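# Structural description and commentary
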Amino acid sequence: MDNTRSNIPAISPAAVVVTAVFLLVSVIGINWFTTFVPVVLPEQASAESKSVDELFYILMIIGGVVFFMIQGMLLISVIAFRARPGDHSDGPTYHGNPLLEVIWTVIPAMVVVFLAVVSYNIWTQNSEPKASVNMVEGQSISINVTGARYAWTHQYVTERFDEAGNQIVINSGPDLHTFIGQNVDLTLQTQDVIHSYWAPAMRVKQDLLPGDPAQGGRPTQLRFTPVRVEGRAYPAEYPIVCAELCGDGHGRMRGSVIVYEDENQFLDLFYEPAIHAILNPPADPVLRGEMEIQNYICNSCHILDSLDWTATTGPSLNGIAERAGERVPGQSAEEYIATSIWNSGAFRVPGYDQQMAAFGPDVVEAANVMTPEQLYSIVAYLCTQGEGSDCDMDNASTAIPDAIQTVFGYEVDITFGMDGDAGAESADAEAEAGEDSA
Ligand code: HEC
Ligand SMILES: [Cu+2]
């Protein structure tokens, strides 16, 4: 059978020349092509972005050369070796060429190994835990991200405490606040399906994985360090998007990375005002409710234009105050809204499934615990959502607590613990905070 190999023509000098020319054209072409890459890619806003882009260039160049070379040679072959008129023969058969086969196995294998090594190095470099992370005022705090269909929420577990000794937690909704040079280390958890937290300008992306639901899924980490981008005004804003198709609201699952110029700007514009607001919540139940409602994941299921909520798992809360009085015969608007939140199963809004999580004073999920006072303020706030209101807003401070008492038997402290000693203390705290910011 040895003679079957003898029919293989030697690689002609012409073929070598053509291949070389294509290689050259491809290299020049792809180099020209990569000049457009900076136009296509977002700004390099993190320390990690440079190496990621370098890897991208390397992949583009190797992929581009292979692409142009193969497509070019294909085109030449189609023209040069086409069937001539009257030629009905099968054409010559060739049986293997060991040298050629070794070459086209060894070269791609080397390329793949090279890419694997380079990628692995960049990945380990970028995802390596840093020594001091999330440093604020010299202390390392935790920043937790929750993904839920269809919203991101960010939580700052600060190292500050309120008078009762509770650790202060700032909720910043869909926005991550950080500053140039801060080593960000996020802990990501999902409430439902797989999501993927992607900040393109930071060149980082990390999946959120479901796990034990009581734990809020299996935590994953995401690390990056924002850097200064020339010509940018600070605070600068960069998008966060969900990169894992998670349902029909996937495209709306967005947020922002807000990068401050330095720690001082971060403290002045975000951190201190947020802590101040938590320590000194407004006494007006409506204003307080507007603040409280944003501490829960209601935004992951409801539309509410006043707060830019866009989720559609549940009914829209726009104009809820106009409908609440007519939903259940015999139930007042206040009673209905309070019931929808603490006992959402009691009434099913037509066209929607019972998908709302349980909120209340003694639910298991820490994130869903809601005191009677919080419920009072949230109901007061929702009672203002509409052209008119079925709620008795002139007497909100009696009508809503009465409704909560009637339905759930809970007494509401309408002073939010601000009277007596506690009130004096928090007034002190206010004066102190005022001095701090002066
Ligand atoms: C997991 C999704 C989900 C979350 C989170 C959620 N809801 Fe709902 N909500 C729903 C669904 C679905 C309904 C309609 C079905 C029903 O009535 O039980 C609903 C109904 C309601 C209603 C009644 C609306 C109407 O038109 O009658 C109110 C009020 C409400 N939710 C408020 C809230 C508040 C406040 C929060 C946060 C504390 C919240 N929801 C969190 C899914 C959710
Ligand atoms: Cu998602």
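Residues numbered from 1 in each chain as written. Chains lettered and ligands numbered in written order. Predicted model: local features only at pLDDT ≥ 70, side-chain atom pairs only at ≥ 80, totals over all residues. Heavy atoms only, no water.

## Focus: the site of ligand 1
Lining the immediate surroundings of ligand 1 are 27 residues, of which Cys298, Cys301, His302, Tyr336 and Met356 lie closest. The contact in question runs from an oxygen atom of ligand 1 to an N or O atom on the backbone of phenylalanine 347, over 3.0 Å. For the shell around ligand 1, the residue count by class is 16 nonpolar, eight polar and three charged. (Near = heavy atom within 4 Å. Polar contact = N/O pair within 3.5 Å; in protein donor to acceptor, adjacent residues only side chain to side chain. Nonpolar A, V, L, I, M, F, W, Y, C, P; charged D, E, K, R; others polar.)

## A closer look at the state of the cysteines
This structure, assessed with the given rule, holds one disulfide. A sulfur-sulfur distance of 2.0 Å marks the disulfide that ties cysteine 383 to cysteine 391. Where cysteine 383 bonds to cysteine 391 through sulfur, the torsion about that S-S bond is close to -70°, and the disulfide is left-handed. Under the relative-accessibility criterion, cysteine 391 is labelled buried at 8%. (Disulfide = S-S within 2.5 Å. Buried < 20%, exposed > 50% of the residue type's maximum accessible area, 1.4 Å probe, protein only.)

## A look at the coordination of the copper ion (ligand 2)
Surrounding the copper ion (ligand 2) are the protein donor atoms His195 (ND1), Cys242 (SG), Cys246 (SG) and Met253 (SD), at 2.1 to 2.5 Å. Around the copper ion (ligand 2) sit four donor atoms; with metal-centred angles ranging over 90 to 125°, the donor geometry is tetrahedral. Each donor residue of the copper ion (ligand 2) belongs to the same chain, with the gaps between them written as H-x46-C-x3-C-x6-M. Of this pair, histidine 195 sits in strand β8 (residues 195–199) while cysteine 246 sits in the loop between β11 (236–242) and β12 (254–260), and the two are 51 residues apart along the sequence. (Donors = N, O, S within 2.8 Å, 3.2 Å for Na, K, Ca; no water. Tetrahedral: all angles 85-135°; square planar, octahedral: opposite > 155°, others 65-115°. Helix = DSSP H or I, 4+ residues; strand = E, 2+ residues; numbered from the N terminus.)

## Topic: the coordination of the iron atom of ligand 1
Protein coordination of the iron atom of ligand 1 is provided by His302 (NE2) and Met356 (SD), with donor distances spanning 2.0 to 2.3 Å. Around the iron atom of ligand 1, the six donor atoms sit at angles spanning 88 to 180°, and that spread fits a shape best called octahedral. With a gap of 54 residues between them, histidine 302 in the loop between α6 (285–293) and β13 (303–304) and methionine 356 in the loop between α8 (333–342) and α9 (372–382) connect regions that are remote in the sequence. Classification of histidine 302 as buried rests on a relative accessible area of 10%.

## Digging into the packing of aromatic side chains
Going through the model one piece at a time under the given rule, you end up with 13 aromatic pairs. Centre to centre, the rings of tyrosine 336 and phenylalanine 347 are 5.6 Å apart; their planes meet at 75°, and the pair counts as edge-to-face. Of this pair, tyrosine 336 sits in helix α8 while phenylalanine 347 sits in the loop between α8 and α9, placing them 11 residues apart in sequence. Looking at tyrosine 336, the relative accessible area reads 5%, which means it is buried. Overall, phenylalanine 347 belongs to the partly exposed group, its relative accessible area being 27%. Through a chain of ring-to-ring contacts, the aromatic side chains of Tyr156, Phe179, Tyr260, Phe266, Phe270 and Tyr271 assemble into a single cluster. The ring centre of tryptophan 198 lies 4.9 Å from the NZ or CZ of lysine 205, which sits over that ring. The ring of phenylalanine 416 carries the charged tip of arginine 288 above its face, separated from the ring centre by 3.6 Å. (Phe/Tyr/Trp six-rings, centres within 6.5 Å; stacked < 30°, edge-to-face > 60°. Lys NZ or Arg CZ within 6 Å of the ring centre and 35° of its normal.)

## A short note on the pairing of strand β7 (residues 184–190)
Summarising burial for β7: five of the seven residues are buried, a large majority. With five bridges connecting them, strand β3 (residues 142–148) and β7 associate as parallel partners. By the bridge assignment, asparagine 144 is partnered in β7 with threonine 187. In the sheet, β7 pairs with strand β10 (residues 220–224) via five bridges, with the strands oriented antiparallel. The partner of threonine 187 across the bridge, within β10, is glutamine 221. (Pairing = 2+ DSSP bridges.)

Bear in mind that shape data such as this cannot, by itself, settle questions of function.
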